[in-house]
Amino acid sequence: MRNIGVLLAGGNGNRLGANKPKQLIKVAGKSIIEHTIEVFQKSTDISEIAIVINPLYVSEIEEIVNKNSYNKVKKILQGGKERSDSSLAAIHAYELEPDADQINLVFHDAVRPFLDLSTISSVVDALKTYNAIDVAIPATDTIIEVNNDNTIAKVPQRDTLRRGQTPQGFKLKTIRNAYQKALNDSQFKATDDCGVVLKYLPEEPIFVVEGSETNIKVTYEIDMFIADKLFQLKHLDYSPTQLSDEQIEKLKDKVVVIFGGSYGIGLDIVNLLRENRIIVESFSRSATNTNVKNNKDVIAALRKAYELHGRIDYVINTAAILNKEPLVNLDFEEVREIIDVNYMGMINVAKESFKYLQESRGHLLLYTSSSYTRGRSSYSLYSSTKAAAVNFTQAIAEEWRSFGIRVNCINPERTKTPMRIKHFGIEPEKSLLKSEDVALVSLNTLLSDFTGQVIYVKK
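An account of the accompanying structure is given in this report. It should be emphasised that the depicted structure is a prediction, and the values quoted were computed from it without experimental measurement. (Residues numbered from 1 in each chain as written. Predicted model: local features only at pLDDT ≥ 70, side-chain atom pairs only at ≥ 80, totals over all residues. Heavy atoms only, no water.)

1. Quick notes on helix α12 (residues 332–360)
Here is step 1: With 29 residues, α12 extends 40 Å between its outermost C-alpha atoms, agreeing within 8% with the 42 Å of an ideal straight helix rising 1.5 Å per residue.
Here is step 2: The sharpest bend along α12 measures roughly 50° and falls at F354. (Helix = DSSP H or I, 4+ residues; strand = E, 2+ residues; numbered from the N terminus. Expected span 1.5 Å × (residues − 1). Bend = angle between axes of the 7 residues up to and from the residue.)

2. Concerning the nonpolar core
Here is step 1: In this structure, V257, F259, L302, V315, L364 and W400 are the most contacted members of the largest nonpolar core, which totals 32 residues.
Here is step 2: When residues of this core are traced back to their parent elements, those giving at least two are β13 (255–259), α11 (295–309), α12, β16 (363–367) and α13 (380–400).
Here is step 3: Broken down by element, this core gets its largest block of residues, nine residues, from α12.
Here is step 4: In this structure, W400 is in contact with A350, F354, L364, I405 and V407, ignoring residues within four places of it in sequence. (Core = buried A, V, L, I, M, F, W, Y, C linked by side-chain atoms within 4.5 Å. Buried < 20%, exposed > 50% of the residue type's maximum accessible area, 1.4 Å probe, protein only. Contact = heavy atoms within 4.5 Å.)

3. Digging into the pairing of strand β15 (residues 314–317)
Here is step 1: Burial along β15 is two-sided: Y314 and I316 facing one way and V315 and N317 facing the other are all buried.
Here is step 2: Relative to β15, β13 is paired through four bridges, and the arrangement is parallel. When the bridges of β15 are listed, V256 appears paired with Y314.
Here is step 3: Relative to β16, β15 is paired through three bridges, and the arrangement is parallel. If you follow V315 over to β16, its bridge partner there is L364.
Here is step 4: The parallel pair β15 and β16 is bridged by α12, and the resulting crossover is right-handed. (Pairing = 2+ DSSP bridges. Right-handed = clockwise from strand over helix to strand, strands pointing away.)

4. What about the packing of helix α1 (residues 32–42) against helix α2 (residues 58–68)?
Here is step 1: At a closest axis distance of 11 Å, the pairing of α1 and α2 adopts a crossing angle of 50°. For the element pair α1 / α2, the angle class is oblique. For the pair α1 and α2, the crossing hand works out as right-handed. Listed contacts from α2 to I33, E34 and E38 of α1 are I61, I64, K67 and N68. (Axes fitted to C-alpha atoms, helices over the stretch in contact; angles between N-to-C directions. Parallel < 35°, antiparallel > 145°, perpendicular 65-115°, else oblique. Left-handed = near helix turned anticlockwise from the far one by under 90°.)

5. A short note on a nonpolar patch on the surface
Here is step 1: A contiguous nonpolar surface patch, about 340 Å² in accessible area, is contributed by I144, V146, I152 and V155.
Here is step 2: Tracing the sequence through the fold places V146 in strand β8 (residues 145–146). (Patch = residues over 30% accessible without salt bridge, like charges linked within 9 Å, V, L, I, M, F, W, Y side chains within 5 Å. Areas by Shrake-Rupley, 256 points an atom, 1.4 Å probe, with all protein chains shown as cover. Salt bridge = Lys/Arg side-chain N within 4 Å of Asp/Glu carboxyl O.)

Pasting the structure below:
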């Protein structure tokens, strides 16, 4: 079977109150539809993507597809006024293909960017047994049915109720037959493709796949705020076990510059690179008298590396200060030092690296902490500067994307480093990550095509 991902993007954004379709509004560095396309692009279960868009925005979608090299996108179709018009556009586009009997259509709202790959797999797998598949999650609120006068008519049993989501999957011939019958009904109106099958092919069972609470649909203005926060908190779990020979070979002709490379995770990255004979220039306060809070130090370090090797491909900044102490106990010199190193240092490294990374179409790698998601007592400055690192990563990834520069942020769980030992003493070994493992994930991330991501490293 050929599984076609059909992204329904025909909306105009009226309910969101925006001046453009909601699917084209940017969140976390990309338009919503880009996030959604990338899920289907990465899915090994999807062989092809068709996008159904408002006719006024076809050129914008074409530009997005070309810019990102979404090679699975084979059709950009024009939708209509109703949701059913968009579904029909996809049905008509594929029903005359020679292998039409071997095609599954997997319809998905383009404004549901948090779809996970496992849900797509579950839908495709269920299509091996059933001809129609829905995705839904249990109803957590009590649902009531009301009369015309707004009085309660019925309170259905909650344990039988589900909240519908997408994707919805169909054998092409099944959804085509349902719509053929529906179009002969003068009262036909549909907002849901499974509803069309249920009404016009009542003999056809519709199997329900479990969805996800995070698979939200961005419809109203408040959904944009929720989506933005979900992207910020969304971690990309990426935990390779070693560098492959192929990855080492790819790094052989690259130049890596690291700030904070004299201890902890930074030192482990330097050692891993040198063990594999990869060019690395390390700068730190203790080893080279390079302090990231001083812009001139950063400029001099980058210039030195460039003059030595003629290029800079990757810049890594692990330099940071952890001060575990209540705010009122800190004097303003200590406060300024923490902000200057953790925040201004990050900005200095990013700003001065730009021209080198633009030339090489390289990668900037920053670091946050698990404490960024919630401020903690005695960590007010550290936690807040690490939260800033995440927002900074997402913003700069968007700004620099057109220059071919990738920007990502590593978020390790509690890690055994000299800085942690200094503040927490000896802790159970099994409760901590090894800094060598974080170093390994860091180098794998440099070779990835990720950008604007928080890379979560855990035991």
